[in-house]
Amino acid sequence: MKKIQLNKTILLSIICLAILSCTSDDRDDPVQEVPITGDYTQGLFVLNEGGYGSSNASVSFLDNEGQLYQSIFAGVNDKNLGDTAQSMGFNEDYGYIVVNNSSTVEVVDRNTFTSIATVTSQIVNPRYIAFSDSNGFITNWGDPNDPNDDYVAVLNLETNLVESKIIVSEGPEKMVVHNGKLFVAQKGGYGYGNTITVIDLETQLVVSNIEVSDVPTGMVISDNSLYVLCAGKAPYTGEETQGALYKINANTYTTEASLSFPEGVHPSFLELDNNTLYFTQEGSVYAMTTANFQLPTTPIFEPALDGLEILYGFTVAEGLIYLADAKDYASNGETFIYNLNGALQQQFTVAIIPNSFYFNN
């Protein structure tokens, strides 16, 4: 029998069933401010998943003057974003919002958020998007119960049509583009992945599969080094494995160094900023330089001390650390912004289940 990994999607399904009788009355809806029109050029987008099966995904926007706007996609386009917003990506003048349970990719003008197209054909349980030249690459789980139908969809950015599929191992997730190659982390979907697939962007063929530890959950590139953070299998699986951090030569696909986390420790997010790796572990934030590839023993800070309940999103950019708090997965979440020393700079409420941050500047 296939073992089940309680990733975000499954976990949210369980929670939604558990609270179904009270969500419509007890859930706090975000304050709907009138969106600004025609000017989203400078600021921070916060992607909110929404409740699984509730079709209430949304995008919040914090402009550089500190004004917060909620549900900008719905406000601009007079239609809902869909069910379970997974991620976003930007390429030239356009934004691409990957909506997992709706199996769609919403294409918008990145500055006005006006809808341009909705990609639906050959998109099944999409996860993340990356770009190279005239193509977008979208990871798809396909049918989560079928471990053999996972793929990367190749999107023509001129026509917004999927032109081909690249078959990969089960559970493709985050991607990075480097030197003509696409690196795809196989987190495992409903199973447990432990590989990084390397795809040649010109031929669109798989050229290598790099084995790492279980559940690669974060991946960044610095110079010619690929850093991969693996969470390992959680205790509830009955087959718990250790988390690990890998340094891989991005040109030869060989592992140059690896670090194992202590037993029972399962790291999650990985970010890179100014040659420093930032990761989260048991709700705390840690940092290490790429030059000194050693796991730190103490965190920079512990956001729980500031009231953060469930760390669900993590980004480091331009000297600031952004954290998303999912709260109880039913109420409106919050965004916490820290400086690199761990001092809280700003905190504000967004919508249900914020999961990631994106910048337009």
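Residues numbered from 1 in each chain as written. Predicted model: local features only at pLDDT ≥ 70, side-chain atom pairs only at ≥ 80, totals over all residues. Heavy atoms only, no water.

Caption draft 1: A look at the overall build of the chain. When its secondary structure is counted, the chain shows 3 helices and 27 strands. Taken across its 361 residues, the chain has 58% of its residues classed as buried. Of the accessible surface of the chain, which amounts to about 14800 Å², a share of 44% is contributed by carbon and sulfur atoms. (Helix = DSSP H or I, 4+ residues; strand = E, 2+ residues; numbered from the N terminus. Buried < 20%, exposed > 50% of the residue type's maximum accessible area, 1.4 Å probe, protein only. Areas by Shrake-Rupley, 256 points an atom, 1.4 Å probe, with all protein chains shown as cover.)

Caption draft 2: Representation of the side chain of Thr 84 within the structure. Along the polypeptide, Thr 84 turns up in the loop between α3 (72–77) and β4 (85–91). What makes Thr 84 buried here is its relative accessible area of 2%. Within polar-contact distance, the side chain of Thr 84 engages the side chain of Asp 83 at 2.8 Å. (Polar contact = N/O pair within 3.5 Å; in protein donor to acceptor, adjacent residues only side chain to side chain.)

Caption draft 3: Region of the structure containing the sheet that holds strand β19 (residues 255–260). What the 4 strands build is an open sheet, ordered β16-β17-β18-β19; its pairing is antiparallel. The open sheet has two edge strands with one neighbour each: β16 (216–222) and β19. For this sheet, the mean angle separating the axes of adjacent strands, direction not counted, is 15°. With 6 bridges connecting them, strand β17 (residues 225–230) and strand β18 (residues 244–249) associate as antiparallel partners. (Pairing = 2+ DSSP bridges. Axes fitted to C-alpha atoms, helices over the stretch in contact; angles between N-to-C directions.)

Caption draft 4: Spatial organisation of the packing of aromatic side chains. Under the counting rule described, the total for this entry stands at 18 aromatic pairs. Ring centres of Trp 141 and Tyr 190 lie 6.3 Å apart, and the angle between their planes is 80°; on these two criteria the pair is classed as edge-to-face. Note that Trp 141 is positioned in the loop between β9 (135–140) and β10 (151–156) and Tyr 190 in the loop between β13 (181–186) and β14 (195–200), a separation of 49 residues in sequence. Judged by centre distance (6.2 Å) and plane angle (70°), the rings of Phe 183 and Tyr 253 are edge-to-face. Residue Phe 183 is found in strand β13, and its partner Tyr 253 is found in the loop between β18 and β19; the two are separated by 70 residues along the sequence. With respect to class, Phe 183 is no different from Tyr 253; both count as buried. (Phe/Tyr/Trp six-rings, centres within 6.5 Å; stacked < 30°, edge-to-face > 60°.)

Caption draft 5: Structural detail: the environment of Phe 357. Note on placement: Phe 357 falls in strand β27 (residues 354–360). With a relative accessible area of 4%, Phe 357 lands in the buried category. Separated by 44 residues in the primary sequence, Phe 357 and Gly 313 place their C-alpha atoms 7.8 Å from one another. Setting aside residues no more than four positions away along its own chain, Phe 357 makes contact with Leu 44, Phe 45, Val 46, Gly 313, Phe 314, Thr 315, Tyr 322, Leu 323, Ala 324 and Thr 335. (Contact = heavy atoms within 4.5 Å.)

Caption draft 6: View of the confidence of the model for the chain. For the chain, the average pLDDT comes to 91, and 89% of its residues sit at 70 or higher. Counting contacts from residues 1–32, a segment whose pLDDT is below 50, to residues more than four positions away or on other chains yields 58 contacts. (pLDDT = per-residue confidence, 0-100.)

Caption draft 7: A look at the pattern of salt bridges. Within the structure shown, the criterion is met by 7 salt bridges. One salt bridge in this structure joins Asp 200 and Lys 181, with 3.6 Å as the shortest N-O distance. Here Asp 200, found in strand β14, pairs with Lys 181, found in strand β13; they are 19 residues apart in sequence, far enough to count as distant. By the burial criterion, Asp 200 is buried, and Lys 181 matches it. With its nearest N and O atoms 3.4 Å apart, the salt bridge here joins Lys 327 to Glu 309. Taken as a pair, Lys 327 in the loop between β24 (320–325) and β25 (332–339) and Glu 309 in the loop between β22 (284–289) and β23 (311–317) lie far apart in primary sequence, 18 residues in all. Owing to a relative accessible area of 12%, Lys 327 belongs among the buried residues under this scheme. Judged by relative accessible area, which is 54%, Glu 309 ranks as exposed. Put simply, Glu 309, Asp 325, Lys 327 and Glu 334 are held in one network by salt bridges that share partners. (Salt bridge = Lys/Arg side-chain N within 4 Å of Asp/Glu carboxyl O.)

Caption draft 8: Molecular detail of the nonpolar core. Residues Phe 45, Val 59, Ile 72, Leu 81, Ile 97 and Phe 113 are the most contacted members of the largest nonpolar core, which totals 18 residues. For this core, the secondary-structure elements that each account for two or more residues are β1 (43–48), β2 (58–63), α3, β4 and β5 (94–99). A total of 3 residues in this core trace back to one element, the largest contributor, which is β4. Excluding anything up to four places from it in sequence, Ile 97 contacts Leu 47, Val 59, Phe 73, Leu 81, Ser 87, Met 88, Thr 104, Val 105, Glu 106, Val 108 and Phe 113. Counting residues in hydrophobic clusters, the runner-up holds 16 residues, among them Ala 185, Leu 226, Tyr 246 and Ile 248. (Core = buried A, V, L, I, M, F, W, Y, C linked by side-chain atoms within 4.5 Å.)

Caption draft 9: Molecular detail of the pairing of strand β12 (residues 172–178). Burial of β12 is extensive: 5 of the 7 residues sit out of reach of the surface. Alignment of β12 against β13, held across 5 bridges, turns out to be antiparallel. By the bridge assignment for β13, Val 177 is matched with Leu 182. Linking β12 to β13, which pair antiparallel, is a turn of 2 residues; within it Asn 179 sits at a positive phi near 50°.

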